[in-house]
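# Chains, contacts and geometry: an overview
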Amino acid sequence: MSNIHNIELPKKVIIGSGALSRVRDIVEEITNCRGSAVGIVTGENTYRAGGALVESLISSCAEPKILLVKTPTLSEAESVAEKIRSEGIKLVLGVGGGKAIDVAKYAGYRANIPVISVPLAPSHDGIASPFASLKGTSKPYSIHVATPYAIIADIDLISKAPKKLILSGIGDLLGKFVSVKDWRLAHRLKGEYYGDYAAQLALLSAKHVLKYHEIIASGSSEGVRILVEALISSGVSMCIAGSSRPASGSEHLFSHALELIAPGRVLHGEAVALGTVIMLYIYGDPLWKKIKKVMSKIGLPVRAEELGLSSEEIIKALTIAHTIRPERYTILGEGGISREAAAKILKEIGVID
Ligand SMILES: [Zn+2]
């Protein structure tokens, strides 16, 4: 493995109540307000929740082109990239939750133009990361793309997101308690590059949400701001590491496995939070009990039935998690967990009966 990597950070992070009003300034900075075509990648609902507002705010400076996405598949992202090229779009904004931002990041990267991330939900740390998670690729995990040029996080808009998505954001960040351990393990056992600064930064985001879980889960704008800052910081840890290593370990492998077994039935951050409890338990780290308690308190599902899953589905996900990304060494090792051990672990934690 080469010991050289690029650190690409976002140039601007604009966060706060009413931050969206600054979107025109950023568009001007990149396009000089020459009426260039600017793409707005958004979904049908997210268009109403924020996309339309972005469209009207930039229309005096650029020519907005709405690029609607239905599902975040590789082929849809490729066709957005194609539209960017054929319509001479100079800049693309991803306005929405995971879907729109992932498609914008991928399409912008493929068409080699800057991307602005405008999150409307605080549900995952892809807001600021150089990774896009798309369906229909040969791999069920994220693809390395470019870091967004800017992130505009309007806390007024993001605070309107459903509570489930706020809790999912907490869950995605709790995962860093495991991913950082896995990274260190891979460094020690496999000689993989490890950067302690990036690791500590990712870990900080997990500690931060654990400390402030009550205020975040209350859905207040102060809490949502704490969560969004931590999500951005976790994204930046991936920029510094040059890989998703600090933010994605065995807890994410488990979540990807669950997504393969029960597609679209569990939110990313919910699955990651459950994976975190399981992997901490396997590590023998007593923190698993505290995390589980906090999850129950704030309403993050812990039990199979709360997730709408059968015991068998969760056992299966745990036994196949190590196969999702074989080159990513984690506590699951190369051979993974046997069915019997998985069932025993899940019973001991109280996920299944
Ligand atoms: Zn994640």
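The structure displayed is predicted, hence computed values, not measured ones. (Residues numbered from 1 in each chain as written. Predicted model: local features only at pLDDT ≥ 70, side-chain atom pairs only at ≥ 80, totals over all residues. Heavy atoms only, no water.)

### Focus: the side chain of Ser205
Counted only if it meets this: Numbering of helices and strands runs from the N terminus, with a helix taken as a DSSP run of H or I at least four residues long and a strand as a DSSP run of E at least two residues long. Pairs of N or O atoms within 3.5 Å make up the polar contacts considered here, provided that, within protein, one atom can donate a hydrogen while the other can accept it, and that residues adjacent in sequence are counted only when both atoms are side-chain atoms. We call two residues in contact when some of their heavy atoms are within 4.5 Å.
Of note, Ser205 is situated in helix H8 (residues 196-211). Within the local environment of Ser205, its side chain forms a polar contact with the backbone oxygen of Ala202, the two atoms lying 2.6 Å apart. When residues no more than four places from it in sequence are discounted, the contact partners of Ser205 are Leu173, Lys176, Ala230 and Ser234.

### Thoughts on helix H1 (residues 23-31)
Worth spelling out the cut-off: Summary of the burial criterion: residues with accessible area below 20% of their type's maximum are buried, those above 50% are exposed, and those between are partly exposed, where the area comes from a 1.4 Å probe applied to protein chains only. Directions drawn from the helix axis to the C-beta atoms are what define this arc.
Every buried residue of H1 is accounted for by Val23, Ile26, Val27 and Thr31. Along the axis of H1, the buried residues cluster in a sector spanning 115°; they form a single face. Among the structural elements, strand S1 (12-16), strand S2 (37-42), helix H2 (44-58), strand S4 (91-96), strand S5 (115-119) and strand S8 (150-154) are those in contact with the buried residues of H1. Following H1 by one or two positions, Asn32 has its phi on the positive side, about 60°.

### Side note on the packing of aromatic side chains
Our working rule: Note on aromatic contacts: the rings of Phe and Tyr and the six-membered ring of Trp form a pair at centre separations within 6.5 Å, being stacked when their planes are under 30 degrees apart, edge-to-face when over 60 apart, and tilted otherwise.
Under the defined criterion, the tally for this structure stands at three aromatic pairs. Judged by centre distance (4.9 Å) and plane angle (65°), the rings of Trp183 and Tyr194 are edge-to-face. Residue Trp183 is found in helix H7 (residues 176-190), and its partner Tyr194 is found in the loop between H7 and H8; the two are separated by eleven residues along the sequence. Note on accessibility: Trp183 and Tyr194 belong to one class, buried. Arranged with centres 5.3 Å apart and planes meeting at 85°, the rings of Tyr281 and Trp288 form a pair that is edge-to-face. According to the relative accessible area criterion, Tyr281 is partly exposed, its value standing at 23%.

### Section: the state of the cysteines
Rule in force here: Put simply, a disulfide is two cysteine sulfurs that come within 2.5 Å.
Enumeration according to the criterion identifies one disulfide in this entry. One disulfide bridge connects Cys33 with Cys61, the sulfur atoms lying 2.0 Å from each other. Residues Cys33 and Cys61 are joined by a disulfide whose S-S torsion is about -105°; by sign, that bridge is left-handed. Of the two residues, Cys33 sits in the loop between H1 and S2 while Cys61 sits in the loop between H2 and strand S3 (63-68), which places them 28 residues apart along the sequence. Among the residues examined, Cys61 registers a relative accessible area of 2% and is labelled buried.

### Section: the pairing of S2
Short version of the rule: Strand pairing requires that DSSP identify at least two bridges connecting the strands. When the strands point away from the viewer and the connection leading from the first strand across the helix to the second strand turns clockwise, the crossover is called right-handed.
When you tally the buried positions in S2, you get six out of six residues, the bulk of the element. Residues of S2 alternate between two faces, with Ala37, Gly39 and Val41 on one and Val38, Ile40 and Thr42 on the opposite face, all of them buried. As paired strands, S2 and S3 are joined by six bridges and run parallel to one another. Looking at the pairing, Ala37 lines up with Glu63 of S3. This β-α-β element, S2 to H2 to S3, shows right-handed connectivity.

### Quick look at the sheet that holds S5
To keep it simple, the criterion reads: Lines fitted to C-alpha atoms define the axes, with helix axes restricted to the stretch in contact, and inter-axis angles between N-to-C directions lie between 0 and 180 degrees.
With parallel pairing, six strands are arranged side by side in an open sheet as S1-S8-S5-S4-S2-S3. Looking at the sheet topology across the chains shown, the edges are occupied by S1 and S3. With direction set aside, neighbouring strand axes in the sheet form an average angle of 15°. Relative to S2, H2 is tilted by about 160°, and along the sheet it contacts S2, S3 and S4. Relative to the sheet, helix H3 (residues 74-86) contacts S2, S3 and S4, its axis offset from that of S3 by approximately 160°.

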